[in-house]
Each structure stands twice: as structure tokens, then as C-alpha cells.
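Summary of structural features
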Amino acid sequence: MYYKAVALTALCCAGTGMRPPLLGHLTALRCLTRLHLGGCDISNSDITQHIAAFTALQDLDLWGCTADDPSAHYLTTGILPNLSKLSMAWSQVASALPLLPGLTYLDLSHCKLGGSFSDGEFAAAAEMQQLRVVLLVQTEVDAMGCELLETLLR
């Protein structure tokens, strides 16, 4: 019997409640373009240790994960050069937004955005020319967060 090998390009574990070391086991799936991990126990250390293996990712969904500002900051380092769609809704992101020049879709719904943002973040927000959809459903935003979002949406 002959089986044809097929490269998996999309994986959805959302809502399964899978626990670590989930990302460590998935890194062999380097061809993934879509990875939805919403509701899974994905932490900052999971992101910083394993997400760079998925260089083909275009769509990353981390809703409800325990990942927060360090993960958002790490994603801005260019480790996922093809990323165009990102959701960190219901996460702990607050004062380090994942501002990537290639993003077309960003969901930060149900987050609390505020604190102090750097000049670099304002510059990155101004460079996000591809961004077409920003979801901020029930997001709490302080004055500094509003200023950054205004820059982002110009």
C-alpha cells in the first residue's frame, strides 16, 4: 500500500485546553501557515522558546492564552516574517502591542491597553500601512493607549 505524504499547513487546537509542552511538540510542523491555539495554556516561555520554528506562519491565534507583553514584544522582532493575521484577544497584553509592519488583521479584544509606550512603538504603529482590520471589542484603553491607537489607525 502506498501513502502520499501531505504537508500540514493549518492546525487548530483552539478550545481543547491542551497544556504545555504543546508548542514544543508541534515544532516539527514547520510548514504551518495557520496556527490557532486559543484557549490552550500557552505562556510567554512557550512563545519565546518555540514560535520561531514556524517561519511560514501567516495566521496566529492566541486568544485567551496566558501570554502577555513579553510575547507581544517578542513577536515584533521579526521572527515570523510572513505573519499577516494575529489575534491576542482575551490575553494579558497591556503595554507592549504586537506592532508588525506586515499585519493586515489584529485582534486585541478584551485586553486592557495602557501604561507607557515607547517612541519605538509609536514609530512602529505609524509604519503599519498594511493593517486593514483592528478589533478592540470591550478593550479597556487609557489615554496613552488611545494615543498609540490613533497613530496606528491613521
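Throughout this description, residue numbers start from 1 for each chain and increase along the sequence as written. With pLDDT at 70 or above as the cut-off, local features in this predicted model cover only qualifying residues; side-chain atom pairs require 80 or more to be listed or tallied, and sums for whole chains, interfaces and linings still use all residues. Heavy atoms from the whole structure form the basis of all side-chain values; hydrogens and water molecules are not counted.

Focus: the overall build of the chain
Note on conventions: DSSP H or I runs of at least 4 residues are helices, E runs of at least 2 residues are strands, and numbering of each starts at the N terminus. Each helix and strand in the chain was counted, giving five helices and eight strands. The linear arrangement of helices and strands in the chain, starting from the amino end, is β-α-β-α-β-α-β-β-β-α-β-β-α. For 154 residues, the compact-globule estimate of 2.2 N^0.38 gives 15 Å, and the C-alpha radius of gyration of the chain, at 16 Å, lies within 12% of that figure. Seen through its C-alpha atoms, the chain measures out along the principal axes to roughly 65 × 30 × 25 Å. Taking as baseline every contact in the chain between residues at least 6 positions apart, the subset at least 24 positions apart corresponds to 59%. Per-residue and other accessible areas follow the Shrake-Rupley method at a 1.4 Å probe size, with only the shown protein chains counted as cover for residues. Carbon together with sulfur atoms contributes 55% to the accessible area of the chain, which is approximately 7900 Å² in total. This count recognises Lys and Arg as positive and Asp and Glu as negative, with His and chain-terminal groups excluded. Think of each charge as sitting on NZ of Lys, CZ of Arg, CG of Asp or CD of Glu. In the chain, which carries 8 positive and 14 negative side-chain charges, the distance between the mean positions of the two groups comes to 13 Å. Computation of the radius of gyration draws on C-alpha atoms alone. For the globule rule, the value is 2.2 Å times the number of residues to the power 0.38. In what follows, residue pairs with any heavy atoms lying within 4.5 Å of each other are defined as contacts.

A look at the sheet that holds strand β1 (residues 10-12)
Reading across from one edge, β1-β2-β3-β4-β5-β7 is the order of the six strands in this open sheet, with parallel pairing throughout. On the outer flanks of this sheet lie β1 and β7 (133-135), each paired with one strand and no other. Within the sheet, the average angular offset between the axes of one strand and its neighbour, ignoring direction, is 5°. Here, a strand pair is defined by DSSP locating no fewer than two bridges between the strands. Two elements, strand β2 (residues 34-36) and strand β3 (residues 59-61), share three bridges in a ladder whose sense is parallel. Each residue of the ladder has a partner; that of L35, found in β3, is L60. A fitted line through C-alpha atoms serves as each axis, taken over the contacting stretch for helices, and the angle formed by two N-to-C directions is quoted from 0 to 180°.

Points about the environment of S91
Mapped onto the elements of the fold, S91 is located in the loop between β4 (85-87) and β5 (105-107). The exposure class of S91 is buried, given its relative accessible area of 6%. For the pair formed by S91 and L26, sequence separation is 65 residues and the distance between their alpha carbons is 21 Å. Within the structure, the side chain of S91 is placed 2.5 Å from the backbone oxygen of M88, a separation counted as a polar contact. For the purposes of these results, a polar contact is taken to be a pair of N or O atoms within 3.5 Å, where, inside protein, one atom must be able to donate a hydrogen and its partner to accept one; residues adjacent in sequence count only when each atom of the pair is a side-chain atom. In terms of polar contacts, S91 uses its side chain to reach the backbone amide nitrogen of V93, at 3.4 Å. Buried, partly exposed and exposed residues are distinguished by accessible area as a fraction of the type maximum, computed with a 1.4 Å probe on protein chains only: under 20%, between the cut-offs, and over 50%, respectively.

Structural notes on the nonpolar core
Among buried residues, those of type Ala, Val, Leu, Ile, Met, Phe, Trp, Tyr and Cys that are joined through side-chain atoms within 4.5 Å constitute a nonpolar core. L35, I51 and L60 are the most contacted members of the largest nonpolar core, which has 41 residues in total. Contributing elements (two or more residues each) for this core: α1 (22-26), α3 (69-75), α4 (119-126) and α5 (143-153). Once residues lying within four places of it in the same chain are set aside, the contact partners of L35 are L11, L23, L26, I51, F54, L57, D59, L60 and D61.

Some thoughts on α4
Those residues of α4 lying buried are E121, F122 and A125. Looking straight down α4, one finds its buried side chains confined to an arc of 100°; they lie on one side. Elements in contact with the buried residues of α4: α5. To obtain the arc, one takes the directions from the helix axis to the C-beta atoms.

Considering α5
Those residues of α5 not exposed but buried are G145, L148, L149, T151 and L152. The buried residues of α5 occupy an angular sector of 155° when the element is viewed end-on, so they sit on one face. Residues of α5 that are exposed and point more than 90 degrees away from the buried face comprise A143 and L153. Looking at the buried positions of α5, the neighbouring elements they touch are β6 (112-113), α4 and β8 (140-141). The distance from a side-chain oxygen at the start of α5 to the backbone nitrogen of M144 is 3.2 Å, and the residue carrying that oxygen is D142.

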